[in-house]
Amino acid sequence: MELHPSGPARARLESICTRIWKCKPSHLLEGCPSIVPSIMSSIRVAAIPAYGVEEVVDLLTSAFTGYEAMDYMLGDGRTDHRLRALVGYFVRSRSAVGSPIFGVRHDDGRLVAAAVTDPPHPLVRSEPEDLRHGLGADVIERMERFGRAIAPLEPAQPHHYVGMIGVDAEHRRLGYARAILDHVQESARADHDSIGVVLTTERSSNVPIYASIGFEVIGEATTADGLLTSWTLLRSA
(Lines give C-alpha, C1' and ligand atoms only; values in the text may rest on other atoms or scores of the structure.)
Protein backbone atom coordinates (compact mmCIF):
# COMPACT_ATOMS: atom_id res chain seq x y z
CA MET A 1 0.00 0.00 0.00
CA GLU A 2 1.23 3.50 -0.81
CA LEU A 3 2.40 5.47 2.21
CA HIS A 4 0.66 8.57 0.90
CA PRO A 5 -2.26 7.17 -1.10
CA SER A 6 -4.20 9.35 -3.50
CA GLY A 7 -6.74 8.74 -6.21
CA PRO A 8 -7.93 5.10 -6.35
CA ALA A 9 -5.59 4.03 -3.53
CA ARG A 10 -6.97 6.70 -1.23
CA ALA A 11 -10.52 5.71 -2.16
CA ARG A 12 -9.75 2.10 -1.22
CA LEU A 13 -8.30 3.22 2.12
CA GLU A 14 -11.38 5.29 2.92
CA SER A 15 -13.62 2.39 1.95
CA ILE A 16 -11.71 0.04 4.28
CA CYS A 17 -11.90 2.56 7.12
CA THR A 18 -15.63 3.04 6.66
CA ARG A 19 -16.53 -0.64 6.35
CA ILE A 20 -14.23 -2.17 8.96
CA TRP A 21 -13.66 0.47 11.63
CA LYS A 22 -16.68 2.67 10.90
CA CYS A 23 -14.49 5.77 10.66
CA LYS A 24 -16.32 8.91 9.63
CA PRO A 25 -14.90 10.49 6.46
CA SER A 26 -14.92 13.88 8.20
CA HIS A 27 -12.40 12.76 10.80
CA LEU A 28 -9.36 14.75 9.76
CA LEU A 29 -7.16 13.74 12.68
CA GLU A 30 -8.35 10.39 14.00
CA GLY A 31 -7.87 8.19 10.95
CA CYS A 32 -8.29 4.43 11.19
CA PRO A 33 -6.88 2.62 14.23
CA SER A 34 -4.55 0.24 12.39
CA ILE A 35 -3.68 1.77 9.03
CA VAL A 36 -3.10 5.40 10.00
CA PRO A 37 -0.55 4.72 12.78
CA SER A 38 1.58 2.80 10.29
CA ILE A 39 1.35 5.72 7.88
CA MET A 40 2.07 8.22 10.67
CA SER A 41 5.26 6.41 11.60
CA SER A 42 6.67 7.42 8.22
CA ILE A 43 5.58 11.07 8.41
CA ARG A 44 8.47 13.49 8.82
CA VAL A 45 7.63 16.88 10.30
CA ALA A 46 10.19 19.61 9.63
CA ALA A 47 10.55 23.33 10.17
CA ILE A 48 9.79 25.42 7.09
CA PRO A 49 12.54 27.98 6.36
CA ALA A 50 11.77 31.58 5.48
CA TYR A 51 12.16 30.93 1.75
CA GLY A 52 9.30 28.40 1.94
CA VAL A 53 6.74 30.81 3.39
CA GLU A 54 4.91 31.44 0.11
CA GLU A 55 4.45 27.70 -0.37
CA VAL A 56 2.84 27.60 3.07
CA VAL A 57 0.59 30.50 2.13
CA ASP A 58 -0.57 28.65 -0.99
CA LEU A 59 -1.31 25.47 0.95
CA LEU A 60 -3.18 27.17 3.81
CA THR A 61 -5.15 29.39 1.44
CA SER A 62 -6.50 26.27 -0.22
CA ALA A 63 -7.06 24.48 3.10
CA PHE A 64 -8.96 27.42 4.64
CA THR A 65 -11.27 28.10 1.70
CA GLY A 66 -14.79 28.16 3.14
CA TYR A 67 -13.56 28.09 6.75
CA GLU A 68 -15.86 29.95 9.13
CA ALA A 69 -13.30 32.29 10.69
CA MET A 70 -11.90 33.34 7.32
CA ASP A 71 -15.36 33.93 5.86
CA TYR A 72 -16.23 36.03 8.91
CA MET A 73 -13.14 38.23 8.64
CA LEU A 74 -13.50 38.69 4.87
CA GLY A 75 -17.20 39.52 5.09
CA ASP A 76 -19.18 40.08 1.92
CA GLY A 77 -16.03 40.88 -0.02
CA ARG A 78 -14.61 37.37 0.12
CA THR A 79 -12.62 36.44 -2.97
CA ASP A 80 -9.74 34.06 -3.57
CA HIS A 81 -7.39 37.04 -3.81
CA ARG A 82 -8.52 38.53 -0.49
CA LEU A 83 -8.39 35.13 1.20
CA ARG A 84 -4.78 34.66 0.09
CA ALA A 85 -3.96 38.16 1.35
CA LEU A 86 -5.46 37.35 4.76
CA VAL A 87 -3.76 33.96 5.07
CA GLY A 88 -0.56 35.56 3.84
CA TYR A 89 -0.79 38.13 6.61
CA PHE A 90 -1.14 35.46 9.29
CA VAL A 91 1.72 33.35 7.93
CA ARG A 92 4.15 36.18 7.13
CA SER A 93 3.53 37.96 10.42
CA ARG A 94 4.54 34.85 12.35
CA SER A 95 7.53 34.21 10.10
CA ALA A 96 8.63 37.84 10.53
CA VAL A 97 8.91 37.45 14.30
CA GLY A 98 10.68 34.09 14.09
CA SER A 99 7.78 31.86 15.14
CA PRO A 100 8.17 28.23 14.00
CA ILE A 101 6.27 27.06 10.94
CA PHE A 102 6.16 23.29 10.51
CA GLY A 103 5.27 21.19 7.51
CA VAL A 104 5.15 17.74 5.96
CA ARG A 105 6.23 16.95 2.41
CA HIS A 106 5.09 14.16 0.16
CA ASP A 107 7.73 11.83 -1.27
CA ASP A 108 7.68 13.92 -4.45
CA GLY A 109 8.63 17.05 -2.49
CA ARG A 110 5.23 18.74 -2.44
CA LEU A 111 4.16 20.41 0.78
CA VAL A 112 0.98 18.62 1.90
CA ALA A 113 0.48 19.91 5.46
CA ALA A 114 1.60 22.92 7.45
CA ALA A 115 1.07 24.70 10.75
CA VAL A 116 1.89 28.18 11.98
CA THR A 117 2.81 28.24 15.66
CA ASP A 118 3.90 30.54 18.46
CA PRO A 119 6.35 29.40 21.16
CA PRO A 120 5.90 30.42 24.81
CA HIS A 121 8.76 32.91 24.58
CA PRO A 122 8.83 34.55 21.12
CA LEU A 123 12.09 36.16 20.08
CA VAL A 124 10.27 39.26 18.81
CA ARG A 125 7.05 40.47 20.39
CA SER A 126 5.70 42.84 17.74
CA GLU A 127 5.12 42.28 14.04
CA PRO A 128 6.03 44.72 11.24
CA GLU A 129 3.08 47.10 10.82
CA ASP A 130 3.27 47.11 7.01
CA LEU A 131 2.13 43.48 6.85
CA ARG A 132 -1.50 44.60 7.28
CA HIS A 133 -1.38 46.86 4.26
CA GLY A 134 -3.71 45.66 1.56
CA LEU A 135 -6.11 43.79 3.85
CA GLY A 136 -8.66 46.59 3.92
CA ALA A 137 -10.07 48.46 6.90
CA ASP A 138 -13.17 46.26 7.05
CA VAL A 139 -11.14 43.06 7.27
CA ILE A 140 -8.83 44.51 9.92
CA GLU A 141 -11.84 45.64 12.00
CA ARG A 142 -13.44 42.16 11.93
CA MET A 143 -10.08 40.52 12.57
CA GLU A 144 -9.58 42.68 15.66
CA ARG A 145 -13.15 42.01 16.81
CA PHE A 146 -12.49 38.31 16.54
CA GLY A 147 -9.21 38.71 18.41
CA ARG A 148 -10.93 40.58 21.26
CA ALA A 149 -13.45 37.76 21.61
CA ILE A 150 -10.94 34.91 21.92
CA ALA A 151 -8.06 36.66 23.71
CA PRO A 152 -9.50 36.26 27.24
CA LEU A 153 -9.65 32.47 26.76
CA GLU A 154 -5.96 32.01 26.06
CA PRO A 155 -4.15 30.72 29.17
CA ALA A 156 -1.97 33.20 31.02
CA GLN A 157 0.65 30.49 31.63
CA PRO A 158 3.35 29.93 28.99
CA HIS A 159 2.17 27.58 26.23
CA HIS A 160 2.74 26.57 22.63
CA TYR A 161 0.07 28.00 20.33
CA VAL A 162 -1.03 26.61 16.96
CA GLY A 163 -2.50 29.54 15.06
CA MET A 164 -3.22 27.74 11.79
CA ILE A 165 -2.99 24.14 10.67
CA GLY A 166 -4.08 22.77 7.32
CA VAL A 167 -3.70 19.77 5.02
CA ASP A 168 -3.89 19.52 1.24
CA ALA A 169 -7.31 18.20 0.18
CA GLU A 170 -5.85 15.06 -1.42
CA HIS A 171 -4.01 14.06 1.76
CA ARG A 172 -6.54 14.59 4.52
CA ARG A 173 -7.52 11.92 7.06
CA LEU A 174 -4.11 10.28 6.79
CA GLY A 175 -2.58 11.58 10.03
CA TYR A 176 -0.62 14.57 8.74
CA ALA A 177 -2.30 17.14 10.99
CA ARG A 178 -1.95 14.88 13.99
CA ALA A 179 1.74 14.31 13.24
CA ILE A 180 2.33 18.07 13.28
CA LEU A 181 0.34 18.52 16.49
CA ASP A 182 2.30 15.67 18.11
CA HIS A 183 5.53 17.36 17.01
CA VAL A 184 4.47 20.63 18.68
CA GLN A 185 3.40 18.64 21.74
CA GLU A 186 6.90 17.17 22.01
CA SER A 187 8.30 20.70 22.05
CA ALA A 188 5.86 21.62 24.81
CA ARG A 189 6.89 18.61 26.89
CA ALA A 190 10.55 19.49 26.45
CA ASP A 191 9.89 23.03 27.68
CA HIS A 192 9.33 22.88 31.43
CA ASP A 193 7.63 26.30 31.36
CA SER A 194 4.98 25.29 28.82
CA ILE A 195 1.65 23.95 30.05
CA GLY A 196 0.95 22.36 26.66
CA VAL A 197 -0.46 23.12 23.22
CA VAL A 198 -3.32 25.56 22.69
CA LEU A 199 -5.41 26.08 19.57
CA THR A 200 -8.79 27.43 18.56
CA THR A 201 -11.41 26.20 16.13
CA GLU A 202 -14.47 27.91 14.73
CA ARG A 203 -16.03 24.72 13.45
CA SER A 204 -18.03 22.80 16.06
CA SER A 205 -17.47 19.45 14.34
CA ASN A 206 -13.72 19.83 14.96
CA VAL A 207 -14.13 19.88 18.73
CA PRO A 208 -14.70 16.10 19.20
CA ILE A 209 -11.92 15.38 16.70
CA TYR A 210 -9.41 17.36 18.74
CA ALA A 211 -10.81 15.80 21.93
CA SER A 212 -10.05 12.34 20.51
CA ILE A 213 -6.31 13.13 20.54
CA GLY A 214 -6.16 14.66 24.00
CA PHE A 215 -7.36 18.25 23.66
CA GLU A 216 -9.98 19.60 26.03
CA VAL A 217 -12.13 22.69 25.67
CA ILE A 218 -11.08 25.42 28.09
CA GLY A 219 -13.36 28.15 26.79
CA GLU A 220 -15.98 29.23 24.28
CA ALA A 221 -16.52 32.73 22.94
CA THR A 222 -18.72 34.51 20.44
CA THR A 223 -17.88 37.73 18.65
CA ALA A 224 -19.67 40.89 19.79
CA ASP A 225 -21.89 40.83 16.70
CA GLY A 226 -22.91 37.24 17.44
CA LEU A 227 -21.83 35.97 14.04
CA LEU A 228 -18.90 33.69 14.95
CA THR A 229 -18.28 31.25 17.80
CA SER A 230 -14.83 29.93 18.68
CA TRP A 231 -13.64 27.18 20.98
CA THR A 232 -10.24 27.29 22.69
CA LEU A 233 -8.66 23.91 23.46
CA LEU A 234 -5.62 22.76 25.44
CA ARG A 235 -3.61 19.57 25.21
CA SER A 236 -1.63 19.46 28.43
CA ALA A 237 2.07 18.75 28.28
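Computed from a prediction, not measured in an experiment: that's the story for all the values here. (Residues numbered from 1 in each chain as written. Predicted model: local features only at pLDDT ≥ 70, side-chain atom pairs only at ≥ 80, totals over all residues. Heavy atoms only, no water.)

## Looking at the side chain of Thr 201
Moving on, step 1. With respect to the element layout, Thr 201 can be found in strand 5 (residues 196-201).
Moving on, step 2. Take Thr 201: its relative accessible area is 1%, and that puts it in the buried class.
Moving on, step 3. Among the polar contacts listed, one links the side chain of Thr 201 to the side chain of Asn 206, at a separation of 3.1 Å.
Moving on, step 4. Residues in contact with Thr 201, not counting those within four places in the same chain, are Tyr 67, Asn 206, Val 207, Tyr 210, Thr 229, Ser 230, Trp 231 and Leu 233. (Helix = DSSP H or I, 4+ residues; strand = E, 2+ residues; numbered from the N terminus. Buried < 20%, exposed > 50% of the residue type's maximum accessible area, 1.4 Å probe, protein only. Polar contact = N/O pair within 3.5 Å; in protein donor to acceptor, adjacent residues only side chain to side chain. Contact = heavy atoms within 4.5 Å.)

## Looking at the packing of aromatic side chains
Moving on, step 1. Summed over all chains, the structure comprises three aromatic pairs.
Moving on, step 2. Where Phe 64 meets Tyr 67, the ring centres are 5.2 Å apart and the plane angle is 85°; that geometry is what we call edge-to-face.
Moving on, step 3. Each ring, one from Tyr 89 and one from Phe 90, has its centre 5.3 Å from the other, and the planes form 55°; the classification is tilted. (Phe/Tyr/Trp six-rings, centres within 6.5 Å; stacked < 30°, edge-to-face > 60°.)

## Let's talk about the pattern of salt bridges
Moving on, step 1. The full count for this structure, using the stated rule, is 15 salt bridges.
Moving on, step 2. Arg 110 serves as the salt-bridge partner of Asp 108, at 2.8 Å between the closest nitrogen and oxygen.
Moving on, step 3. Asp 108 sits in the partly exposed class, given a relative accessible area of 47%.
Moving on, step 4. Arg 110 sits in the partly exposed class, given a relative accessible area of 37%.
Moving on, step 5. One salt bridge in this structure joins Arg 145 and Glu 141, with 2.4 Å as the shortest N-O distance. (Salt bridge = Lys/Arg side-chain N within 4 Å of Asp/Glu carboxyl O.)

## Some words on the packing of helix 3 (residues 53-63) against helix 5 (residues 80-96)
Moving on, step 1. Axis separation between helix 3 and helix 5 bottoms out at 9 Å; the angle between their running directions is 135°. With respect to helix 5, the element helix 3 is oriented oblique. Crossing geometry of helix 3 relative to helix 5 is assigned as right-handed. Residues Val 53, Glu 54, Val 56, Val 57, Asp 58, Leu 60 and Thr 61 of helix 3 lie in contact with helix 5, whose contacting residues are Leu 83, Arg 84, Val 87, Gly 88, Val 91, Arg 92 and Ser 95.
Moving on, step 2. Here the contact of helix 3 with helix 5 is built from residues that sort into seven nonpolar, three polar and four charged. (Axes fitted to C-alpha atoms, helices over the stretch in contact; angles between N-to-C directions. Parallel < 35°, antiparallel > 145°, perpendicular 65-115°, else oblique. Left-handed = near helix turned anticlockwise from the far one by under 90°. Nonpolar A, V, L, I, M, F, W, Y, C, P; charged D, E, K, R; others polar.)

## What about the side chain of Arg 142?
Moving on, step 1. Summarising the element assignment, Arg 142 is placed in helix 6 (residues 137-150).
Moving on, step 2. Looking at Arg 142, the relative accessible area reads 16%, which means it is buried.

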